[in-house]
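# Survey of secondary and tertiary structure
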Amino acid sequence: MTANAHQERSSRAELGRVLMSDGTLSPDWAPSFAAVPRSAFLPDLMWPFDMSTAQSVAVSRTDDPETWQEYAESDVPVVTQWDDGRHSGTAPGLVPTSSASMPSVVFRMLCDLDVRPGNRVLEIGTGTGWNAALLAHRLGPENVVTVEVDGSVAESARAALERFGLPARVAHGDGFQGYPDGAPYDRIMATCGLRSIPFAWVRQCRPGGAIVAPWGTHYSNGDAVARLIVAGDGESASGAFTGPVEFMKLRAQRLPPVMHREYVPGSVADGDESSTTVSETEFAGERFAPQRFALGLRLRDCVHVVAGKCEGARPVWFYGLTDRSWACVQFRDGDTARVWQSGPRRLWDEAEAAHQWWEERGRPGFTRFGLTVDSDGERVWLDSPEGVISPTNT
């Protein structure tokens, strides 16, 4: 055994022990984890996320095989494409557009999928092909169809799957429409963030089947994993969220960048000024705090941006997506937060009302929320499908 091969097995075994110990890697997925290494599906040049610096770093297998292998078998996300393939060079690009997810996220979602022997699975978002390979190892390549919108990414994944001996069917196309040629499926899963789950997926999934997909609102880049069960008549799918994640968004549902100057051409002082007693910790919480998800359910057609903290002050901006309404709340350590807002919508007032709504309902976490999808669209609910959540601006 070569030194590199020994390092690969050792680092993967350690990752497996960590994932097993925290319950992320279930016993039924352990054989696939052991047999299908993520490293077999990663490119020679990749950009793993360095947890210590919170930045993507370029790593070349040719120049530094040990570091490359260490990241390949670590529980970190790895960017494999920038700027829809227009990027060149080793420095990170502007926008990550394809990646390999953290192994812990991959196996948590595969656990949610709850596959059974003989199940046929449709995956939306092939990426490197590792997720499809894990499914193909568990179910057989003939039972896995994966759709990728980017032609070059699809071709690379197809080659990797064939090279590894798990030739799942890789289709190049827009996964938003599903893949009717292979329907019906027992399970459908998305490995990209959704802002709307299409009814086409419900129609292509068998009654009693499951749809697992990261879903969220434009309020933030965060998502939560929705696990929906298709009704017996095949006309709807409904279920609760299982927990927070963050994925690159489905290309058809990406939000164009918000241009601050189009909203605030002058000074923040041009807006109407007020104050709030809500604290930064209460309002924003940590990156994956449930209140951010909950506020997005109420504060629709709005993007919020949390700026960096400087000298004890942190501005949080809100931008309306249907007009040029905006708001800014500046939290300051040990002091009352100041607020400015302008436009037809009073976005901070809506945000404060949404936060109060979340507080009054006992600060619900992700699993108390759910989603229903049918031919009329989708409805988000709290505790039961009857508890439909209405936006604050209705």
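Scope of this entry: the structure provided in the associated data block. (Residues numbered from 1 in each chain as written. Predicted model: local features only at pLDDT ≥ 70, side-chain atom pairs only at ≥ 80, totals over all residues. Heavy atoms only, no water.)

## Points about the sheet that holds strand 13 (residues 272–276)
- Strands sit in the order 13-17-16-15-14 across an open sheet of 5 strands; the sheet is antiparallel. The open sheet has two free edges, formed respectively by strand 13 and strand 14 (302–306), since each of these has just one partner strand. Here the strands of the sheet are splayed against their neighbours by 20° on average, with no regard to which way each runs.
- In the sheet, strand 14 pairs with strand 15 (residues 313–320) via 5 bridges, with the strands oriented antiparallel. Residue pairing in the sheet places Val303 in a bridge with Tyr319 of strand 15. (Pairing = 2+ DSSP bridges. Helix = DSSP H or I, 4+ residues; strand = E, 2+ residues; numbered from the N terminus. Axes fitted to C-alpha atoms, helices over the stretch in contact; angles between N-to-C directions.)

## Comments concerning the pattern of salt bridges
- If you walk through the whole model with that rule in mind, you get 27 salt bridges.
- A salt bridge links Lys249 to Asp223; the nearest nitrogen and oxygen atoms lie 3.4 Å apart. Of this pair, Lys249 sits in the loop between strand 12 (236–245) and helix 8 (260–263) while Asp223 sits in strand 11 (residues 223–230), and the two are 26 residues apart along the sequence.
- Residue Glu360 pairs with Arg361 through a salt bridge whose shortest N-O separation is 3.7 Å.
- For Glu360, a relative accessible area of 57% corresponds to the exposed category.
- A relative accessible area of 35% places Arg361 in the partly exposed class.
- Overlapping salt bridges bring together Asp84, Arg86, Asp150, Arg251 and Arg254 as one network. (Salt bridge = Lys/Arg side-chain N within 4 Å of Asp/Glu carboxyl O. Buried < 20%, exposed > 50% of the residue type's maximum accessible area, 1.4 Å probe, protein only.)

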